[in-house]
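Spelled out, the chains give:
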Amino acid sequence: MENNEKHFGLRVDGTILAKFRYVCGYHGRSANSQIIQLMLQFISDYEREHGKIPPEDLGKKYDPVK
């Protein structure tokens, strides 16, 4: 199976990160797994409203004029 994992750096205020990690721990998740869940929900909401994102558009920047 191909490993398609990518590293994604994020700059965030230390207090926000500490609180986020605290709440993630309360819910039994790591900060990383919670961010992935938030991303999946964000994508799902978008695709529900606008339709599936075509595979050929992945990696491209969204063009609102298109």
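Keep in mind that this is a model prediction, so the values were computed, not measured.

Caption draft 1: Spatial organisation of the overall build of the protein. A count of helical and extended segments in the protein gives two helices and zero strands. Relative to a compact globule of 66 residues, whose C-alpha radius of gyration would be 11 Å, the protein shows 15 Å and is clearly more extended. The principal-axis extent of the C-alpha atoms belonging to the protein is close to 40 × 30 × 20 Å. When burial is assessed residue by residue, the protein has 6% of its 66 residues classed as buried. When the accessible area of the protein is evaluated, it comes to approximately 6800 Å², of which 58% is carbon and sulfur surface. Averaging the coordinates of the 10 positive side-chain charges in the protein and doing the same for the 9 negative ones gives two points 6 Å apart.

Caption draft 2: Summary view of the pattern of salt bridges. Counted by the stated rule, this structure contains three salt bridges. Where arginine 48 meets aspartate 45, a salt bridge forms, and the shortest distance between an N and an O atom there is 3.1 Å. A residue pair is termed a helical-turn pair when its members lie 3 or 4 positions apart in one helix, as arginine 48 and aspartate 45 do in helix H2 (residues 31-50) at three residues. Residue arginine 48 is classed as exposed on the basis of its relative accessible area of 60%. With relative accessibility at 34%, the residue aspartate 45 sits in the partly exposed group. A salt bridge links lysine 52 to glutamate 47; the nearest nitrogen and oxygen atoms lie 3.6 Å apart.

Caption draft 3: Inspection of H2 at higher detail. In a regular helix each residue adds 1.5 Å, so 20 residues correspond to 28 Å; H2 covers 28 Å between its end C-alpha atoms and thus fits that length. What H2 keeps buried is the set Ala31, Gln34 and Glu47. The secondary structure elements touched by the buried residues of H2 are helix H1 (14-26). Glycine 51 sits one or two residues past H2 and shows a positive phi near 95°.

Caption draft 4: A look at H1. With 13 residues, H1 should reach 18 Å at 1.5 Å per residue; the first-to-last C-alpha distance of 18 Å fits that figure. Between the side-chain oxygen at the start of H1 and the backbone nitrogen of threonine 15 there is a gap of 3.0 Å, and the oxygen is on aspartate 13. Note on H1: the residue one or two positions beyond its end, glycine 28, has a positive phi of about 75°.

What counts as what
Residues numbered from 1 in each chain as written. Predicted model: local features only at pLDDT ≥ 70, side-chain atom pairs only at ≥ 80, totals over all residues. Heavy atoms only, no water. Helix = DSSP H or I, 4+ residues; strand = E, 2+ residues; numbered from the N terminus. Rg over C-alpha atoms; globule rule 2.2 N^0.38 Å. Buried < 20%, exposed > 50% of the residue type's maximum accessible area, 1.4 Å probe, protein only. Areas by Shrake-Rupley, 256 points an atom, 1.4 Å probe, with all protein chains shown as cover. Lys, Arg positive; Asp, Glu negative; His and termini not counted. Charge placed at Lys NZ, Arg CZ, Asp CG, Glu CD. Salt bridge = Lys/Arg side-chain N within 4 Å of Asp/Glu carboxyl O. Expected span 1.5 Å × (residues − 1). Contact = heavy atoms within 4.5 Å. Polar contact = N/O pair within 3.5 Å; in protein donor to acceptor, adjacent residues only side chain to side chain.

Keep in mind that these numbers describe shape and distance, not what the molecule does.
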